[in-house]
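Take a look at the letters that make up each chain.
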Amino acid sequence: MEKTLLNVSGMTCGNCVKKVETTLNGLDGVEKAKVDLENASAKVKYDETKQSPESLSKAVTEAGYETEPKK
């Protein structure tokens, strides 16, 4: 299992957090995703054979939020 931290912009409320968490946790290979509204970030633990930071970012973007792997 790998861990990554994504920057997520465009979230304004708890419903946004729930949408991003639901999106990430629904992906094959994601063990756990936790979104932090205050820090505009998402911590994700995932199976690197099924997902990558780029694929996680793409899923969040498709859900309507801007994101990128945190450097």
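All values derive from a computational prediction rather than experimental measurement.

1. With respect to the pairing of strand 2 (residues 30-36)
Thought 1: Bridge count for strand 2 against strand 3 (residues 41-46) is six bridges, and the pairing is antiparallel. Bridging across to strand 3, lysine 34 finds its partner in lysine 43.
Thought 2: Connecting strand 2 to the antiparallel partner strand 3 that follows it, the hairpin turn spans four residues, and alanine 40 within it adopts a positive phi of roughly 50°.

2. A word on the UniProt feature "domain: HMA" (unreviewed entry) in the protein
Thought 1: Mapped onto this numbering, the UniProt entry annotates "domain: HMA" (unreviewed entry) at residues 2-68.
Thought 2: With 33% helix and 36% strand, the stretch residues 2-68 has end C-alpha atoms that lie 16 Å from each other.

3. Focus on the sheet that holds strand 2
Thought 1: With antiparallel pairing, four strands are arranged side by side in an open sheet as 2-3-1-4. The open sheet terminates on both sides in strands that have one partner only, identified here as strand 2 and strand 4 (66-69). Taking the axes of each pair of neighbouring strands and ignoring which way they run, one obtains an average angle of 25° across the sheet.
Thought 2: Lying on the sheet, helix 1 (residues 14-25) is in contact with strand 1 (2-9), strand 2 and strand 3; it crosses strand 2 at an angle near 165°.

About the cut-offs
- Residues numbered from 1 in each chain as written.
- Predicted model: local features only at pLDDT ≥ 70, side-chain atom pairs only at ≥ 80, totals over all residues.
- Heavy atoms only, no water.
- Pairing = 2+ DSSP bridges.
- Helix = DSSP H or I, 4+ residues; strand = E, 2+ residues; numbered from the N terminus.
- UniProt positions renumbered as here; feature names shortened; annotations may be inferred.
- Axes fitted to C-alpha atoms, helices over the stretch in contact; angles between N-to-C directions.
- Contact = heavy atoms within 4.5 Å.

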